[in-house]
Amino acid sequence: MFCDICQPKPKGYTVYFADDQDAQPLIHYIEGKPENTWSAVNERMFWVMEPILFDMIDYVEAHLDPKSIYAVESNREEPLKTLYEMKQIHEFQVERESSWIDEVIERSQLRTHFQPIIERINGGSEIVGYELLSRGVDQDGNIIPPFKLFEAARVRNRTFALDRACRLQAVRNAATLPTDKLIFINFIPTAIYVPEHCLATTFALIKKLNIKPEQVVFEVVETDEVENIEHLKSILNYYRDHGFKYALDDVGTGFNDLQKLADLRPDIVKLAMEFSNGVSEDKAKQEVAASVVKLSREMGAKALAEGVETEADYHYLTEMGYELFQGYYFAKPSPTPLVTLNLEKDGRPEHLHDNSRV
């Protein structure tokens, strides 16, 4: 059994028609729908399922004053509970335009792209793992970029459900990777309320697919600051107690600043690409990069530089002490995992397959 956040139910709304509106044609339309999709609250207020609300928007825009008809998300059992949050019906247009995300989540219309994680070993560069990055797929088979996925999920209040769907799909696709490679899987910490409950299906799938816990690195991604650091620590400790590793992403910017690293004690620290890209020529970036690698060593964590795009930056970060690397200099994310990496003398990566389609 899953909570509504993980697998959200269809939405319902209370709709109110102001006194000066001739809404009879629209009311007759509502009354002609199946009884399980609507109910009357009073003569000017109805509870309707979301598809009915979306159909109403066009009629209201064409024949009524959209500023005089209001709606609010609500439960059929308590249609008046959220009346104080009512807003004009035309404001739900953005919800309608983003409603496609529900089907993506429900049907897991997701693909995983793999970007290799590189380690400098014995003077050479070897692939030691992959970050698994999610992409959506529309009805025509076209790729939906992640920023569009998560923006639609934000509008629809489906971020947690999308995060879970992406996490599970990444685990399924991780089963195809060699057992000696690390698997980096992103997660949004605010999407996990109680680790024992919210991560149960993820852990069960990992076990079912015979993925070794020590292969998996759960990567914290969060653009907004997490207010409850103790809760985040409880999630990370739960991962570690079950044999998994965890990484902190985008270190040096926003939430994941240097002051919080020591408290969270990740296994891997990822220097934000803002400081990796161009670090060989920028003293300010060099100072941040040096601070991150120094603190990583003190914690016993590995330092990973992401967003590496040039040979000069790669060699500079290597000399500085970074152990792991990721970025376009090595390979773009690809639907097929890169098997062998060959960096030519001029610094341009030669791949065994085409990675141009990101």
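Just so it is clear, the structure is predicted and the values come from calculations on it, not from any experiment.

Scoring rules and cut-offs
- Residues numbered from 1 in each chain as written.
- Predicted model: local features only at pLDDT ≥ 70, side-chain atom pairs only at ≥ 80, totals over all residues.
- Heavy atoms only, no water.
- Buried < 20%, exposed > 50% of the residue type's maximum accessible area, 1.4 Å probe, protein only.
- Helix = DSSP H or I, 4+ residues; strand = E, 2+ residues; numbered from the N terminus.
- Pairing = 2+ DSSP bridges.
- Contact = heavy atoms within 4.5 Å.
- Arc of directions from axis to C-beta.
- pLDDT = per-residue confidence, 0-100.
- Core = buried A, V, L, I, M, F, W, Y, C linked by side-chain atoms within 4.5 Å.
- Axes fitted to C-alpha atoms, helices over the stretch in contact; angles between N-to-C directions.
- Phe/Tyr/Trp six-rings, centres within 6.5 Å; stacked < 30°, edge-to-face > 60°.
- Polar contact = N/O pair within 3.5 Å; in protein donor to acceptor, adjacent residues only side chain to side chain.
- Salt bridge = Lys/Arg side-chain N within 4 Å of Asp/Glu carboxyl O.

Caption draft 1: Molecular detail of the pairing of strand 3 (residues 45-49). Most of strand 3 is tucked away, with five of its five residues classed as buried. Residues Met45, Trp47 and Met49 point to one face of strand 3 and Phe46 and Val48 to the other, with burial holding for every one of them. When strand 1 (residues 12-17) meets strand 3, the two strands line up antiparallel, connected through five bridges. Bridged to Thr14 within strand 3 is Trp47. Bridge count for strand 2 (residues 38-42) against strand 3 is four bridges, and the pairing is antiparallel. Counterpart to Ala40 in the pairing with strand 3 is Phe46. Hairpin connection of strand 2 to strand 3: two residues between the antiparallel strands.

Caption draft 2: Looking closely at the side chain of Gln215. Relative to the elements of secondary structure, Gln215 occurs in the loop between helix 8 (200-208) and strand 10 (216-220). The contact partners of Gln215, leaving out residues within four places of it in the chain, are Pro178, Thr179, Asp180, Lys181, Leu182 and Ile183.

Caption draft 3: Quick peek at helix 5 (residues 146-155). Among the residues of helix 5, those classed as buried are Leu149, Ala152, Ala153 and Val155. Summarising the axial view, the buried residues of helix 5 lie within an arc of 160°, below the 170-degree limit, and thus occupy one face. Those residues of helix 5 that are exposed and aimed more than 90 degrees away from the buried face are Phe147 and Arg154. Among the structural elements, helix 3 (93-97), helix 4 (100-106), strand 6 (110-121), strand 7 (124-137), strand 8 (143-144) and helix 6 (159-174) are those in contact with the buried residues of helix 5. Once helix 5 ends, the next one or two residues include Asn157, with phi positive near 60°.

Caption draft 4: A look at the confidence of the model for the protein chain. Overall, the predicted model of the protein chain reaches an average pLDDT of 86, with 87% of residues at or above 70. The secondary structure element of the protein chain with the lowest average pLDDT is strand 16 (residues 349-351), at 48, and the one with the highest is strand 14 (residues 324-325), at 97. Per-residue pLDDT stays below 50 along residues 350-358; that stretch engages in 26 contacts with residues further than four places along the chain or on separate chains.

Caption draft 5: Fine view of the nonpolar core. Ranked by size, the top nonpolar core spans 55 residues in total, and within it Phe218, Tyr239, Leu317, Tyr322 and Phe325 carry the most contacts. Per-element accounting of this core gives the leading share, six residues, to helix 9 (residues 229-241). Dropping the residues within four chain positions of it, Phe325 is found in contact with Pro116, Ile117, Ile118, Arg120, Leu304, Ala305, Val308, Tyr314, Leu317, Thr318 and Phe330. In terms of nonpolar packing, the next biggest core, distinct from the first, is built from 21 residues, Ile30, Trp38, Phe54 and Ile57 among them.

Caption draft 6: Fine view of the sheet that holds strand 5 (residues 87-88). Strand order in the open sheet formed by five strands is 2-3-1-4-5, and the pairing between neighbours is antiparallel. Looking at strand neighbours, the two that pair on one side only are strand 2 and strand 5, the edges of this open sheet. The strands touched by helix 2 (residues 50-63) within the sheet are strand 1, strand 2, strand 3 and strand 4 (69-73), with strand 3 carrying the most contacts at an inclination of about 115°.

Caption draft 7: Highlighting the packing of aromatic side chains. All chains considered together, the criterion is met by 17 aromatic pairs. On the basis of an interplanar angle of 50° and a centroid distance of 6.1 Å, the ring pair of Phe203 and Tyr239 is categorised as tilted. You can see Phe203 sitting in helix 8 and its partner Tyr239 sitting in helix 9, a full 36 residues away along the chain. One exposure class covers both Phe203 and Tyr239, and it is buried. Measuring from centroid to centroid gives 4.8 Å for Tyr314 and Phe325, while their planes differ by 85°, and the two rings are edge-to-face. Of the two residues, Tyr314 sits in helix 13 (residues 311-320) while Phe325 sits in strand 14, which places them 11 residues apart along the sequence. Each member of the pair, Tyr314 as well as Phe325, is classed as buried.

Caption draft 8: Inspection of the pairing of strand 12 (residues 268-271) at higher detail. The alternating pattern of strand 12 places Ile268 and Lys270 and Val269 and Leu271 on opposite faces, both of which are buried. Bridge analysis of strand 11 (residues 245-251) against strand 12 gives three bridges, and the strand direction is parallel. Among the inter-strand pairings, Val251 is bridged to a residue of strand 12, identified as Leu271. Here four bridges tie strand 12 to strand 13 (residues 302-305), and the two strands are oriented parallel to one another. Across the sheet, Lys270 pairs through a bridge with Leu304, a residue of strand 13.

Caption draft 9: Spotlight on helix 1 (residues 24-31). All of the buried residues along helix 1 are Leu26, Ile27 and Ile30. Along the axis of helix 1, the buried positions cluster into a sector of 100°, meaning they face one direction only.

Caption draft 10: Layout of the environment of Arg76. Mapped onto the elements, Arg76 comes out in the loop between strand 4 and strand 5. Sequence separation between Arg76 and Trp47 is 29 residues, and the spatial gap between their C-alpha atoms is 6.4 Å. A distance of 2.9 Å separates the side chain of Arg76 from the backbone oxygen of Glu35, its partner in a polar contact. A polar contact of 3.1 Å, which involves the side chain of Arg76, links it to the backbone oxygen of Asn36.

Caption draft 11: The arrangement of the pattern of salt bridges in detail. Taken as a whole, this structure holds 18 salt bridges when the rule is applied. With a shortest N-O distance of 2.8 Å, Arg96 and Asp58 are connected by a salt bridge. Taken together, the residues Arg96 in helix 3 and Asp58 in helix 2 connect sequence positions 38 residues apart. For Lys302, the salt bridge goes to Glu119, with nearest N and O atoms at 3.7 Å. Remark: Glu119 occurs in strand 6 and Lys302 occurs in strand 13; sequence separation between them is 183 residues. Classification of Lys302 by relative accessible area gives partly exposed; the value is 33%. One network of salt bridges, with partners in common, ties together Lys11, Glu50, Glu73, Glu95, Asp102, Arg156 and Arg158.

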